[in-house]
Amino acid sequence: MMLAADPTAAAVLETFPCYPVPPAGRAPAIDALREVRAGQGFIVGRDGMMLILRRAWLALDYRVTDGPECYAPYGSVGPDALSFRCGNIPAVLFTQVLEHFAAAMPNEAAAFILWHEQTRTFRLEFPEIDAATPSRLVYRPPILAEGWHLVCDIHSHGAGPAFFSATDDADDAYSTKIAIVVGNFATPDNLTVKARLCAGGMFLTLPGLPFEEASDAA
Ligand SMILES: [Zn+2]
């Protein structure tokens, strides 16, 4: 069955499909959407509509509406779920970012954490800074070589506190990434950190930072 007669409209719907959840909950089309390497779509259940968003490094299931007030013979969309397909990021990279930010004081600074899909390795990249002052920073997103993905976009607020400014919101609106801001570098023992997942045009607060100490063999 064609959902749109116009080929352009049909192509749009194909890149962002919407599937009803069967009463039993499972469906091949929904399983396929959850397993796709990169893509997104909605599923609609009796308890609401859920965004299913996949990137090489990210898997997000997030209920974006409540269910219809009317009777709907559908199953449940299930619980929200967030997982990082890339695994946790080595904490040493965040340590290096903090050292870089401290060295840039009193100016703001920025760093990216990239992940390679085939080698499953992370690396740091420091962006070209177009303008840096104690209260303002202009930098461009990284140009990614084949296989690399931007996972974290981190910037400092210098001596100021960590928070997401209106400028940050505008910069992050169309990205899929983890955004982190670190502040209060004038008092290094009392740094402030805020982290959020930018996905689907939303900003989702993360329960914690996505970094993990290496598990050295004892
Ligand atoms: Zn900021």
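Each value, and the rule that gives it
Residues numbered from 1 in each chain as written. Predicted model: local features only at pLDDT ≥ 70, side-chain atom pairs only at ≥ 80, totals over all residues. Heavy atoms only, no water. Buried < 20%, exposed > 50% of the residue type's maximum accessible area, 1.4 Å probe, protein only. Helix = DSSP H or I, 4+ residues; strand = E, 2+ residues; numbered from the N terminus. Right-handed = clockwise from strand over helix to strand, strands pointing away. Domains from an automatic or database assignment. Contact = heavy atoms within 4.5 Å. Buried area = accessible area lost by both parts, 1.4 Å probe. Salt bridge = Lys/Arg side-chain N within 4 Å of Asp/Glu carboxyl O.

Explain the pairing of strand 2 (residues 39-45) to me, please; I cannot follow it from the model alone.
Each regular strand displays side chains that alternate between the two surfaces of the sheet. By the criterion of burial, strand 2 is predominantly enclosed, with 5 of the 7 residues buried. Chirality of the crossover, the property in question, places the unit of strand 1 (residues 18-20), helix 2 (residues 28-35) and strand 2 among those that are right-handed.

Any chance you could explain the domain arrangement of the protein here in plain terms?
When the parts of a complex come together, some accessible area is lost, and that lost area is often taken as the interface size. One can read the domain layout of the protein as domain 1 (7-84) and domain 2 (89-212). If you average the C-alpha positions of domain 1 and of domain 2, the two centres end up 29 Å apart. With 12 residues of domain 1 at the contact, the number on the domain 2 side is 15 residues. The contact between domain 1 and domain 2 buries some 1,000 Å² in all, and 83% of this surface belongs to carbon and sulfur atoms. Between the two partners, domain 1 and domain 2, sit 1 salt bridge. Across the pair Arg-37 and Glu-117 runs a salt bridge, and its minimum N-O distance is 2.6 Å. Those elements that place two or more of their residues in the side of domain 1 that touches domain 2 are strand 3 (48-55), strand 4 (58-63) and strand 5 (81-84).

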